[in-house]
Amino acid sequence: MQALHLLALLPVAETQADLNSYGFRPRRSTADALGQCYCALAKEDSPQWILEGDIESCFDRISHRWLLGNVQMDRDILRKWLKAGYMEGPVLYSTEEGTPQGGIISPVLANLALDGLETVALQADSRRQGNLRPKINVVRYADDFVITGRSREQLEEKVLPAVAAFLAERGLNLSQEKTKITQIEAGFDFLGANVRKYGRKLLIRPSKDNVLGLLRNVREVIRTQKAATALDLIRRLNSKLRGWANSQRHLVSSRAFRYVDKRVFEALWRWAKRRHPTKGKGWVRQKYFRIEPSGRWTFTAPLRNRDGTWGSLDLFRVSSMPIRRHVKIRAEAREYDPAYDEYFYQRWLRKRQGRLGLRARRKPLTAMERVNPDNPTAGSSNRPSERLEPYAGKLARTVLRGAGGP
């Protein structure tokens, strides 16, 4: 039921969304939010002060009265979801505030409640002072946001009270511990990245907590796999390391990647020596590691191929992930606006061709090539009894042969 209402509510939420809101919105990601941070802070005359905002227990404390009075959907259905409560063991707890626990519609409801925050911040100090611009920029991802400003006084005396009043109307308040004002030279952490200016150069790197969190996860996997084979251990680690590297490759990550490789090697070396306490280091190295021509040691394990021959599976080296800068989405581009269908298609096409290592094709694509960007291989060759209409923005509609159409 929530999924059906979400299909109708999501286009409404997109039309009302703040320009620089990036959380839980189609075709937007943390990379876009960090890209907007770069656009706002990278220039020489960019704002120097940042308000780091964190809403305390956002999803659990949104006012039901505000949601029922402002969300454009069936109020009886929404009231039942909000008041349904939740089970913990055999006990049913009532919910007097907050969005549905674990509901797929909860992120959209939270976005609807927070949309308008950017406008409030911009209007808090919209006048120039001589040649000085307000330099207010807002970047929000779900309930985490940053607001830039010209000075500490501007953020403390004008922007922060306006934001607090906006949130109070919705039953929310800022976390006193996590909300603070920082200068860009000191840097701040946002969405797992550290944003800091070194002289005139802005660098966005994986944050310390982000890197250490990955290493704790990796060490926990290694610690719990004392009796596993090297092949099983590599398979478990590769998915974690490759996934993390993919999420960080748009940042200034080379140093962090090398550091992760070093720490993972040290943990695997201890694991290998612990498995064979009576063997020497040379024997352990020969069994579990392969020395590359460059002199690097690669953790490896024998693997039988499908054709019966023997090969090897190597541990994924995080530093082998190429750094690729992310092209930020246009702030005004919205998923359900037909004016941006071609824009989104071109973004998808560049991303696909980048994965395939192909140069952008300039000739127009055929109807079958423009089918469903989420499944570019779908077509009549896979389903001979059907044909697919040309891609028209969001979905490709299946049409049975003989049911009409040319």
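Caption draft 1: Inspection of the overall build of the protein at higher detail. Counting its secondary structure elements, the protein contains 13 helices and 14 strands. Contacts spanning at least 24 positions in sequence make up 61% of the contacts within the protein whose residues lie at least 6 apart. A total of about 22,900 Å² of accessible surface is found on the protein, and carbon and sulfur atoms cover 50% of it.

Caption draft 2: Up close: helix α11 (residues 254–275). Helix length check: α11 (22 residues) gives 32 Å between terminal C-alpha atoms against 32 Å at 1.5 Å per residue, within 8%. Those residues of α11 that fall on the buried side of the exposure criterion are Ala256, Phe257, Val260, Asp261, Val264, Ala267, Leu268, Trp269, Trp271 and Ala272. Along its buried surface, α11 packs onto β9 (201–206), α9 (208–224), α10 (230–248), α12 (281–288), β10 (289–291) and β11 (297–304).

Caption draft 3: Main features of the pairing of strand β8 (residues 193–198). Pairing geometry for strand β7 (residues 188–190) and β8, over 3 bridges, is antiparallel. Bridge assignment links Asp189 to a residue of β8, and that residue is Asn194. The hairpin formed by β7 and β8 contains 2 residues between the paired strands, and Leu191 there has a positive phi angle of roughly 55°. Judged from the 6 bridges that link them, β8 and β9 form a sheet pairing that is antiparallel. Bridged to Arg196 within β9 is Leu203.

Caption draft 4: Main features of the packing of helix α7 (residues 117–124) against helix α8 (residues 152–168). Taken N-terminus to C-terminus, the directions of α7 and α8 make an angle of 145°; their axes are 8 Å apart at the nearest point. Here the hand of the crossing between α7 and α8 comes out right-handed. In this structure, α7 uses Leu117, Val120, Ala121 and Ala124 to contact α8, whose residues at the interface are Lys158, Val159, Ala162, Val163 and Phe166. The class makeup of the residues in the contact of α7 with α8 is 8 nonpolar, no polar and 1 charged.

Caption draft 5: Quick look at the packing of aromatic side chains. Overall, the coordinates contain 16 aromatic pairs when judged by the stated rule. Plain terms: the ring middles of Phe24 and Phe59 are 6.3 Å apart, the flat faces sit at 90° to each other, and that makes the pair edge-to-face. Of the two residues, Phe24 sits in the loop between α1 (2–16) and α2 (30–41) while Phe59 sits in helix α3 (residues 58–61), which places them 35 residues apart along the sequence. Here the aromatic residues Phe265, Trp269, Trp271, Tyr288, Phe289, Trp297 and Phe299 are joined through ring pairs into a cluster of three or more. Above the face of the Phe166 ring, Arg170 is positioned so that its terminal group lies 3.8 Å from the ring centre. The aromatic ring of Tyr288 is capped on one face by Lys287, whose charged end is 5.6 Å from the ring centroid.

Caption draft 6: Inspection of the confidence of the model for the protein at higher detail. Mean pLDDT over the protein: 85, with 86% of residues reaching 70 or higher. Taken as a whole, residues 358–406 scores under 50 in pLDDT and shows 61 contacts with residues more than four places along the chain or in a different chain.

Caption draft 7: Up close: a positive patch on the surface. Taken together, the side chains of Arg216, Arg219, Lys226, Arg270, Lys273, Arg274 and Lys281 make up a positively charged region of the molecular surface. Among the secondary structure elements, those contributing two or more residues to the positive patch are α9 and α11. Ranked by residues supplied to the positive patch, first place goes to α11 with 3 residues. Mapping Arg270 onto the fold places it in helix α11.

Caption draft 8: The environment of Leu6, seen in detail. Within the secondary structure, Leu6 sits in helix α1. For the pair Leu6 and Leu109, spaced 103 residues apart in sequence, the C-alpha to C-alpha distance is 9.7 Å. When near neighbours in sequence (up to four residues on either side) are disregarded, Leu6 contacts Pro11, Ile104, Ile105 and Val108.

Caption draft 9: Representation of the sheet that holds β11. Read from one edge of the open sheet, 3 strands run β10-β11-β12, paired in antiparallel fashion. Each end of this open sheet is capped by a strand with a single partner; those strands are β10 and β12 (310–314). The average undirected angle you get between the axes of adjacent strands in this sheet is 50°. Each of β10 and β11 touches α12; the most contacted strand, β10, lies at about 85° to it.

Caption draft 10: Expanded view of the packing of α9 against α11. The geometry of α9 relative to α11 is characterised by a closest axis approach of 10 Å and an angle of 20° between their N-to-C directions. Classified by the angle between their axes, α9 and α11 sit roughly parallel to one another. Once α9 is placed against α11, the crossing between them reads as right-handed. Of α11, the residues touching α9 (which contributes Val211, Leu214, Leu215, Val218, Arg219 and Ile222) are Ala256, Tyr259, Val260, Arg263, Val264, Ala267, Leu268, Arg270 and Trp271.

Caption draft 11: Focus on the sheet that holds strand β4 (residues 137–141). The 4 strands are arranged β4-β5-β1-β6 in an open sheet whose pairing can be described as antiparallel. Each edge of the sheet is formed by a strand with only one pairing partner; in this case those strands are β4 and β6 (180–183). Each strand of the sheet is rotated relative to its neighbour by a mean of 20°, with strand direction disregarded. Here strand β1 (residues 49–54) pairs with β6 via 4 bridges, running antiparallel. Opposite Leu51, over in β6, you have Ile181 as the bridge partner. Contacts from α8 reach β1, β5 (144–149) and β6, with the element oriented near 140° to β5.

Caption draft 12: Quick look at the side chain of Asn194. Summarising the element assignment, Asn194 is placed in strand β8. The class of Asn194 is buried, set by a relative accessible area of 19%. If we skip the residues at most four places from it in the chain, Asn194 touches Phe188, Asp189, Leu203, Ile204, Arg205, Pro206 and Ser207.

Caption draft 13: Structural context of the pattern of salt bridges. Going through the model one piece at a time under the given rule, you end up with 14 salt bridges. Glu220 is the partner of Arg223 in a salt bridge, and the nearest nitrogen-oxygen pair spans 2.6 Å. Of this pair, Arg223 and Glu220 are both found in helix α9, 3 residues apart, which corresponds to roughly one turn of the helix. What makes Glu220 partly exposed here is its relative accessible area of 38%. In this structure, Glu292 engages Arg290 in a salt bridge whose closest nitrogen and oxygen atoms are separated by 2.8 Å. One network of salt bridges, in which partners are shared, links Asp125, Arg150 and Lys158.

Conventions used here
Here, residues in each chain are numbered from 1, in the same order as that chain's written sequence. A pLDDT threshold of at least 70 governs which residues receive local features in this predicted model, and a stricter bar of 80 or more applies before side-chain atom pairs are shown or counted, although totals over entire chains, interfaces and linings include all residues. Computation of side-chain values: all heavy atoms of the structure, hydrogens and water removed. Under the scheme used here, helices are H or I runs from DSSP no shorter than 4 residues and strands are E runs no shorter than 2 residues, and both carry numbers assigned from the N terminus. A contact between two residues is defined here by any heavy atoms of the two lying within 4.5 Å. Note that accessible areas follow from Shrake-Rupley with a 1.4 Å probe, and for residues the cover is restricted to the protein chains shown. Expected helix span is taken as 1.5 Å per residue step, with the number of steps being one fewer than the number of residues. Burial classes: relative accessible area under 20% of the type maximum marks a residue as buried, over 50% as exposed, and values in between as partly exposed (1.4 Å probe, protein chains only). Strands qualify as paired when DSSP identifies two bridges or more between them. Here, axes are lines fitted to C-alpha atoms. For helices the fit covers the stretch in contact, and angles between N-to-C directions go from 0 to 180 degrees. A clockwise turn of the near helix away from the far one marks a right-handed crossing, whereas an anticlockwise turn of less than a right angle marks a left-handed crossing. Under the scheme applied here, ten amino acids are nonpolar (Ala, Val, Leu, Ile, Met, Phe, Trp, Tyr, Cys and Pro), four are charged (Asp, Glu, Lys and Arg), and all others, including Gly, are polar. Pairing of aromatic side chains here covers Phe, Tyr and the six-membered ring of Trp, requires ring centres within 6.5 Å, and sorts the geometry by plane angle: under 30 degrees stacked, over 60 edge-to-face, intermediate tilted. Only lysine NZ and arginine CZ atoms are considered, and such an atom sits over a ring when it is within 6 Å of the ring centre and within 35 degrees of the ring normal. Note on scores: pLDDT gives the predictor's confidence for each residue, bounded by 0 and 100. Think of a patch as exposed residues, more than 30% relative accessible area, with no salt bridge, where like charges cluster within 9 Å and nonpolar side chains (Val, Leu, Ile, Met, Phe, Trp, Tyr) cluster within 5 Å. Salt bridges are defined as contacts in which a side-chain nitrogen from Lys or Arg sits within 4 Å of a carboxyl oxygen from Asp or Glu. Lys and Arg are tallied as positive, Asp and Glu as negative. Neither His nor the chain termini are counted. Charge positions are represented by NZ for Lys, CZ for Arg, CG for Asp and CD for Glu. Comment on the angle field: the value is read as roughly parallel under 35 degrees, roughly antiparallel over 145, roughly perpendicular from 65 to 115, and oblique elsewhere.

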